[in-house]
Amino acid sequence: MFKSRRTLFLQESNESILLAAYAAEMREWDNRNHLKRIRDYAFSLCTALDIPRAEAEMTAVACQLHDIGKAATPDELLKRQGQYQEEEWQIMERHTLDGEAMLKDSVSPLLRMAASIALMHHERWDGSGYPNGLSGEQIPLTARICALADVFDALTTARSYKQQPMDDENAFDLVQRSAGSLFDPRIIEAFVEIYPDL
């Protein structure tokens, strides 16, 4: 069956945006596999949460765009070795607002979902996150899923701002202990379910 012109247009547009996400990620650290792992973690979490397959697939792809706002972050911060100063963190945190601004006016449901994830993937269940200090179910489920996927991958991979990655088991324990504070307890339950297969 042939795809409609609109379907092909949206598919090509989505692919172009994904390439932009890869480009943004590569500016910070040379590992596009991060985005692929985020996609896989998110899809597995969606499956464990009984989210319908089509929505799970869209969520998994949209999660890959969570850091696209870093395309607007200065290179000297993205490539910095070691910890950031307070004012530098404030600039880094703007990537959530920049990411939403890049995506929010799209006609594509995928990119509108990605805009929401880009804005809110650093919000935390207890309200301690940014940029708006949202808590609990004020944070969209898709952003809560991405938050867990992103943090677990950040803990277990090398980054310029930390000495060395945490081993999987310690990262898993840390994430579990963060249920009800940083992460939605229901998503942690799903993570515990899928962890042996990751």
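Our structure's up above, just so we're on the same page.
This report concerns the structure included in the present document. (Residues numbered from 1 in each chain as written. Predicted model: local features only at pLDDT ≥ 70, side-chain atom pairs only at ≥ 80, totals over all residues. Heavy atoms only, no water.)

1. Regarding the overall build of the chain
Helices and strands together make up the secondary structure of the chain, namely ten helices and zero strands. Beginning at the N terminus, the succession of helices and strands in the chain can be written as α-α-α-α-α-α-α-α-α-α. Here the analysis covers contacts within the chain between residues at least 6 apart in sequence; of these, 60% occur between residues at least 24 apart. Per element, the accessible surface of the chain, about 10300 Å² overall, is 52% carbon and sulfur. (Helix = DSSP H or I, 4+ residues; strand = E, 2+ residues; numbered from the N terminus. Contact = heavy atoms within 4.5 Å. Areas by Shrake-Rupley, 256 points an atom, 1.4 Å probe, with all protein chains shown as cover.)

2. Description of the nonpolar core
If you look at the biggest cluster of nonpolar residues, it comprises 39 residues, and the most contacted ones within it are Leu45, Ile145, Leu148, Val175 and Phe191. When contributions to this core are tallied by element, the ones reaching two or more residues are α2 (33–48), α3 (53–63), α7 (109–120), α8 (141–156), α9 (168–177) and α10 (185–194). Ranked by residue count, the leading element in this core is α8, at eight residues. Leaving out residues up to four positions away in the same chain, valine 175 has contacts with Leu148, Phe152, Leu155, Phe183, Ile188 and Phe191. Among the nonpolar cores identified, the runner-up in size contains five residues, and Leu119, Met120, Ile139 and Ala143 belong to it. (Core = buried A, V, L, I, M, F, W, Y, C linked by side-chain atoms within 4.5 Å. Buried < 20%, exposed > 50% of the residue type's maximum accessible area, 1.4 Å probe, protein only.)

3. Focus: empty space enclosed by the protein
Tallied over the full model, the rule gives one cavity of 30 Å³ or more. What the largest cavity holds in volume is close to 40 Å³. Its residues assigned to classes, the lining of the largest cavity shows five nonpolar, no polar and four charged. (1 Å grid on protein atoms, 1.4 Å probe; cavity = no way out; pocket = protein on both sides within 12 Å on 5 of 7 lines; lining within 4 Å. Points joined across faces, edges and corners; volume = space filled by probe spheres on them. Nonpolar A, V, L, I, M, F, W, Y, C, P; charged D, E, K, R; others polar.)

4. Overview of unusual backbone geometry
The linkage connecting tyrosine 130 with the following residue, proline 131, adopts the cis geometry, with an omega of 15°. Positionally, proline 131 belongs in the loop between α7 and α8. The phi angle at aspartate 50 is positive, at roughly 60°, despite the residue not being glycine. The topology assignment puts aspartate 50 in the loop between α2 and α3. Looking at aspartate 50, the relative accessible area reads 68%, which means it is exposed.

5. Some remarks on the packing of α7 against α8
Interhelical geometry of α7 versus α8 gives an angle of 55° and a closest axis separation of 9 Å. As summarised for this structure, α7 and α8 are arranged oblique, according to the angle between their axes. Considering the relative orientation of α7 and α8, their crossing is right-handed. Contacts from Met113, Ile117 and Met120 of α7 reach α8 at Thr142, Ala143 and Cys146. Its residues assigned to classes, the contact of α7 with α8 comprises five nonpolar, one polar and no charged. (Axes fitted to C-alpha atoms, helices over the stretch in contact; angles between N-to-C directions. Parallel < 35°, antiparallel > 145°, perpendicular 65-115°, else oblique. Left-handed = near helix turned anticlockwise from the far one by under 90°.)

6. Details of the state of the cysteines
Overall, the coordinates contain zero disulfides when judged by the stated rule. We note that cysteine 63 lacks a disulfide partner, and the nearest cysteine sulfur, in cysteine 146, lies 3.9 Å from it. (Disulfide = S-S within 2.5 Å.)

7. Here's the deal with the packing of aromatic side chains
Taken as a whole, this structure holds seven aromatic pairs when the rule is applied. With a centroid separation of 5.0 Å and 75° between ring planes, the pair formed by tyrosine 84 and tryptophan 89 is classed as edge-to-face. Judged by its relative accessible area of 8%, tyrosine 84 is buried. Overall, the relative accessible area of 33% leaves tryptophan 89 in the partly exposed class. An aromatic cluster is present here, built from Tyr41, Phe152, Phe172, Phe191 and Tyr195 joined pairwise through their rings. (Phe/Tyr/Trp six-rings, centres within 6.5 Å; stacked < 30°, edge-to-face > 60°.)

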